[in-house]
Amino acid sequence: MKTIVIGSDHGGFHLKQACIKALGEWGYEVLDQGPDCLDSCDYPVYAAKVVDLVKADDAKLGVLICGTGQGMTMTANRLGVRAALCTNEYHARMAREHNDARVLCLGERVTGLGVALGILKAFLETGFGGERHQRRIDLIDSLAKK
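As the structure is a computational prediction, the values presented were derived from the model and not from experiment.

Participant: Looking at this structure, how should I read helix 2 (residues 43-56)?
Facilitator: Since the α-helix packs 3.6 residues into each turn, any two residues three or four apart lie on the same face. If you check helix 2, its first and last C-alpha atoms are 20 Å apart, about what 14 residues at 1.5 Å a residue would give, namely 20 Å. Among all positions of helix 2, only Tyr 46, Ala 47, Val 50, Val 51 and Val 54 are buried. One side of helix 2 holds all its buried residues, which, seen down the axis, span an arc of 135°. Exposed and oriented more than 90 degrees from the buried face of helix 2 are Asp 52 and Ala 56. Those residues of helix 2 that are buried lie in contact with strand 1 (3-8), strand 3 (61-66), helix 3 (70-78) and strand 5 (103-107).

Below, the structure is given as structure tokens:
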């Protein structure tokens with residue numbers, strides 16, 4: 001069973017709950033890193049929890065949700081995991097196939113539920129294309145070390 005690590009802030013809480021339900025129906029194990037309520041909270045805390053678990057296990061993928069998806073995306077990338085803010089299924093497929101993104105970021109306030117679940121499904125069902133794409137990822141990693 002594939003494990004998905006998920007987290008949000010208060011602005012992404014409702015979409016996170018819908019994603020957890022869908023993931024369970026699709027047969028995924030879900031590790032919810034919070035929050036567990038709608039109280040105002042700081043998105044970097046939850047991004048860090050998800051990123052830590054994704055980085056610790058190459059088999060895991062992550063999902064981060066906030067109001068726009070921007071803050072979660074910036075935080076996850078800064079913390080050292082390839083995260084992609086996707087607004088349609090094509091973005092999601094290319095983020096996985098070409099960039100080997102490990103974390104999908106969504107914005108609850110800008111993406112409708114049906115679209116968001118389609119994006120999630122596309123992200124999870126697409127594998128990394130390897131070869132020429134790996135060369136580019138390696139180049140990104142080497143430039144980041146400078």
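Participant: Just checking my understanding: could you explain the pairing of strand 5 for this structure?
Facilitator: Successive side chains on a regular strand alternate, one facing one side of the sheet and the next facing the other. Within strand 5, five of the five residues are buried, leaving the element largely enclosed by the surrounding structure. Examined bridge by bridge, strand 3 and strand 5 share five bridges and lie parallel to one another. Note that in strand 5 the partner of Val 63 across the bridge is Leu 104. In the sheet, strand 4 (residues 83-85) pairs with strand 5 via three bridges, with the strands oriented parallel. Paired with Ala 83 across the bridge in strand 5 is Val 103. Regarding the hand of the β-α-β motif, the stretch spanning strand 4, helix 4 (residues 89-97) and strand 5 is right-handed.

Participant: Which parts of the structure should I look at to understand the side chain of Asp 100?
Facilitator: Mapped onto the elements, Asp 100 comes out in the loop between helix 4 and strand 5. Other than its neighbours up to four places away in sequence, Asp 100 contacts Arg 82, Ala 95, Phe 128 and Ile 137.

Participant: When you look at the packing of helix 4 against helix 5 (residues 113-125) in this model, what are you seeing that I'm missing?
Facilitator: Two packed helices can be described by the angle between their axes and the distance between those axes. Two elements in contact, helix 4 and helix 5, have axes separated by 8 Å at closest approach and are oriented at 20°. Taken together, helix 4 and helix 5 sit at an angle that is classed as roughly parallel. Judged by the twist between their axes, the crossing of helix 4 over helix 5 is right-handed. Within the contact between the two elements, helix 4 uses Glu 89, Ala 92, Arg 93 and Arg 96 and helix 5 uses Gly 118, Ile 119, Ala 122 and Phe 123. Across the contact of helix 4 with helix 5, the residue classes tally to four nonpolar, one polar and three charged.

Participant: Looking at this structure, I do not really get the nonpolar core. What am I missing?
Facilitator: Within soluble globular proteins, side chains that are nonpolar generally end up buried alongside one another. Counting residues in each nonpolar core, the largest one holds 22 residues, and the members touching the most others are Leu 106 and Leu 124. Residue contributions to this core peak at six residues, all from helix 5. In this structure Leu 124 touches Ile 4, Leu 23, Trp 26, Tyr 28 and Leu 61, once residues within four positions along its chain are discounted. If you look at the next biggest cluster of nonpolar residues, it comprises 15 residues, including Val 50, Val 51, Ala 76 and Ala 83.

Participant: Even after reading the chapter, I still don't get the side chain of Thr 3, so can you show me in this structure?
Facilitator: Mapped onto the secondary structure, Thr 3 falls in strand 1. Of note is the side chain of Thr 3, whose polar atom sits 3.0 Å from the side chain of Glu 29. Excluding residues within four positions of it along the chain, Thr 3 makes contact with Glu 29, Leu 31, Ala 59, Lys 60 and Leu 61.

What counts, and at which threshold
- Residues numbered from 1 in each chain as written.
- Predicted model: local features only at pLDDT ≥ 70, side-chain atom pairs only at ≥ 80, totals over all residues.
- Heavy atoms only, no water.
- Helix = DSSP H or I, 4+ residues; strand = E, 2+ residues; numbered from the N terminus.
- Expected span 1.5 Å × (residues − 1).
- Buried < 20%, exposed > 50% of the residue type's maximum accessible area, 1.4 Å probe, protein only.
- Arc of directions from axis to C-beta.
- Contact = heavy atoms within 4.5 Å.
- Pairing = 2+ DSSP bridges.
- Right-handed = clockwise from strand over helix to strand, strands pointing away.
- Axes fitted to C-alpha atoms, helices over the stretch in contact; angles between N-to-C directions.
- Parallel < 35°, antiparallel > 145°, perpendicular 65-115°, else oblique.
- Left-handed = near helix turned anticlockwise from the far one by under 90°.
- Nonpolar A, V, L, I, M, F, W, Y, C, P; charged D, E, K, R; others polar.
- Core = buried A, V, L, I, M, F, W, Y, C linked by side-chain atoms within 4.5 Å.
- Polar contact = N/O pair within 3.5 Å; in protein donor to acceptor, adjacent residues only side chain to side chain.

No statement about biological role is implied by the geometric values presented.
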